[in-house]
Amino acid sequence: LGALGPKPSGKALGALGMKRDRTLRTTFDRIAEQYDAARPGYPEPLIEDAIALSKLPAGGSILEIGCGPGTATLPFARRGYSMLCLELGENLAALAAEHCRPFPAVEIRNTTFEDWPLRRQAFDLVISASAFHWIPTGPGYAKVAAALNDAGSMALFWNHSLGSDPLLREALERVYRERAPELGEYLPGRRSTDALAKETIAEIDASGLFHEVAVRRYPWSGEYTAEDYIRLLGTYSPMINLKDGVRSALFAGIREAIELHGGVVLNQHMAVLYVARVERES
């Protein structure tokens, strides 16, 4: 559940989304402004490593899958790269276009990756930040590989939540169990980030289209007031899809638990980057 979850886990909303109910991927556009304001970005060393590991040339071209409001787009845009960014949500795409207005080499297109007309071998790098789990992996990897030139690479990255103070985690777990038991399958603690990394590497390898998979990890922390934490929780698809009354009761319980434990949530996070080079058949 990412930020939703009080225990350390890789089973994060906005992480790899192992549940992969792809019908939920349209929900974020309903809260586009909140998503833009609340979702965290990515550590600068991750961006630098994505560029270095992919051997992205100066002035290179990037295809971004699921750019959202441009959270991961901007760090690359500021470095002068030409970018085509695909976003299925109309409101999110509009926000991304506004944020990227100072960068004329960046184009935001309101479409899904699946519906986008493939430009074969047109890109040096394909990136996807906290979004590729919404793409069916078989045809998804094939289309990514087809879009890359012979020297191209794919960079996928996610933010994982590692949880907060154990006492607060326990209190939050009680709130979830009592007020939104339907979220039980999303509660963290079942899978580590290492397990998720192994699964992602296995998926990439199984495609037969990439090689030299590199994995890098970037620990970071975020401090949230109760209101900031709840605003962030409200950007995750299971929360968005709760009945209004259930969500209100859950958030009230979460707010109370946080206030009783000092009023601040210090969440530990791990950003994970996967870079793989395209492999052409000889």
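Residues numbered from 1 in each chain as written. Predicted model: local features only at pLDDT ≥ 70, side-chain atom pairs only at ≥ 80, totals over all residues. Heavy atoms only, no water.

1. Notes on the overall build of the protein chain
Along the backbone of the protein chain there are 10 helices and 7 strands. The 282 residues of the protein chain split such that 56% are buried. Pairs at least 24 residues apart make up 82% of the contacts formed inside the protein chain by residues separated by at least 6 positions. Only carbon and sulfur atoms are counted for the fraction: they give 50% of the accessible area of the protein chain, which is about 11,900 Å². (Helix = DSSP H or I, 4+ residues; strand = E, 2+ residues; numbered from the N terminus. Buried < 20%, exposed > 50% of the residue type's maximum accessible area, 1.4 Å probe, protein only. Contact = heavy atoms within 4.5 Å. Areas by Shrake-Rupley, 256 points an atom, 1.4 Å probe, with all protein chains shown as cover.)

2. As for helix α5 (residues 137–147)
Inspection of α5 places Gly140, Tyr141, Lys143, Val144, Ala145, Ala146 and Ala147 among the buried residues, and these make up the whole buried set. Buried positions along α5 lie against β1 (61–65), β4 (123–129), β5 (148–163), α7 (193–207), β6 (210–225) and β7 (264–278).

3. Focus on the pairing of β1
By the criterion of burial, β1 is predominantly enclosed, with 5 of the 5 residues buried. Of the two faces of β1, the one carrying Ser61, Leu63 and Ile65 and the one carrying Ile62 and Glu64 are both buried. Taken together, the 5 bridges between β1 and strand β2 (residues 82–86) define a ladder with parallel strand orientation. Each bridged residue has a counterpart across the sheet, and for Ile62 the counterpart in β2 is Met83. Alignment of β1 against β4, held across 3 bridges, turns out to be parallel. If you follow Ile62 over to β4, its bridge partner there is Leu125. (Pairing = 2+ DSSP bridges.)

4. Examining the nonpolar core
By size, the foremost hydrophobic cluster in this structure holds 51 residues, and its most contacted members are Phe76, Met83, Phe157, Leu250 and Ile254. Ranked by size, the runner-up nonpolar core spans 27 residues in total, among them Phe123, Ala147, Trp158 and Phe210. (Core = buried A, V, L, I, M, F, W, Y, C linked by side-chain atoms within 4.5 Å.)

5. What about the side chain of Glu64?
Topologically, Glu64 is positioned in strand β1. In this structure, Glu64 is buried with no salt-bridge partner, the nearest side chain bearing the opposite charge being Arg78 at 11 Å. (Lys, Arg positive; Asp, Glu negative; His and termini not counted. Salt bridge = Lys/Arg side-chain N within 4 Å of Asp/Glu carboxyl O.)

6. Observations regarding the sheet that holds β6
Read from one edge of the open sheet, 7 strands run β3-β2-β1-β4-β5-β7-β6, paired in mixed fashion. Each of the sheet's edge strands pairs with one partner strand only, and the pair in question is β3 (106–109) and β6. Neighbouring strand axes in the sheet, compared pairwise and without regard to direction, differ in orientation by 15° on average. Relative to β3, β2 is paired through 4 bridges, and the arrangement is parallel. Among the inter-strand pairings, Met83 is bridged to a residue of β3, identified as Val106. Helix-sheet contacts for α5 involve β1, β4, β5, β6 and β7, and the interaxial angle to β5 is about 135°. (Axes fitted to C-alpha atoms, helices over the stretch in contact; angles between N-to-C directions.)

7. With respect to unusual backbone geometry
Although it is not a glycine, Lys55 sits at a positive phi angle of roughly 55°. Of the residues examined, Lys55 reaches a relative accessible area of 63% and is grouped as exposed. In this structure, Glu212 is a non-glycine residue whose phi angle is positive, near 55°. Within the fold, Glu212 resides in strand β6. Exposure remark for Glu212: the relative accessible area of 53% places this residue in the exposed category.

8. Observations regarding the pairing of β2
Looking down a regular strand, the side chains alternate between one sheet face and the other. Counting buried positions over the 5 residues of β2 gives 4, a clear majority of the element. For the crossover that starts at β2, traverses helix α4 (residues 90–99) and ends in the parallel β3, the hand is right-handed. (Right-handed = clockwise from strand over helix to strand, strands pointing away.)

9. Structural notes on the packing of aromatic side chains
Aromatic ring pairs are defined here through the distance separating the ring centres and the angle between the ring planes. Inspection of every chain in the model, using the stated rule, returns 9 aromatic pairs. When the ring of Tyr141 is compared with that of Phe210, the centres are 6.2 Å apart and the planes differ by 65°; the resulting orientation is edge-to-face. Of this pair, Tyr141 sits in helix α5 while Phe210 sits in strand β6, and the two are 69 residues apart along the sequence. Overall, the relative accessible area of 2% leaves Tyr141 in the buried class. An aromatic cluster of three or more residues is present, and its members are Phe28, Tyr35 and Trp134. A cation sits over an aromatic face here: Arg39 above Tyr236, 4.0 Å from the ring centre. In this structure, Lys143 packs its charged tip against the face of Phe113, placed 5.3 Å from the ring centre. (Phe/Tyr/Trp six-rings, centres within 6.5 Å; stacked < 30°, edge-to-face > 60°. Lys NZ or Arg CZ within 6 Å of the ring centre and 35° of its normal.)

10. Quick notes on the confidence of the model for the protein chain
In this model, the protein chain carries an average pLDDT of 89, and 89% of its residues clear a pLDDT of 70 or more. Confidence drops under a pLDDT of 50 for residues 1–19, and excluding neighbours within four residues, the segment shows 90 contacts in the predicted structure. (pLDDT = per-residue confidence, 0-100.)

11. A short note on the packing of helix α6 (residues 166–179) against helix α10 (residues 244–260)
Taken N-terminus to C-terminus, the directions of α6 and α10 make an angle of 160°; their axes are 9 Å apart at the nearest point. With respect to α10, the element α6 is oriented roughly antiparallel. Where α6 crosses over α10, the handedness of that crossing is right-handed. Of the residues in α10, those in contact with Leu168, Ala171, Leu172, Val175, Tyr176 and Arg179 of α6 are Val246, Ala249, Leu250, Ala252, Gly253, Ile254, Glu256, Ala257 and Ile258. Tallied by class, the residues present in the contact of α6 with α10 amount to 12 nonpolar, 1 polar and 2 charged. (Parallel < 35°, antiparallel > 145°, perpendicular 65-115°, else oblique. Left-handed = near helix turned anticlockwise from the far one by under 90°. Nonpolar A, V, L, I, M, F, W, Y, C, P; charged D, E, K, R; others polar.)

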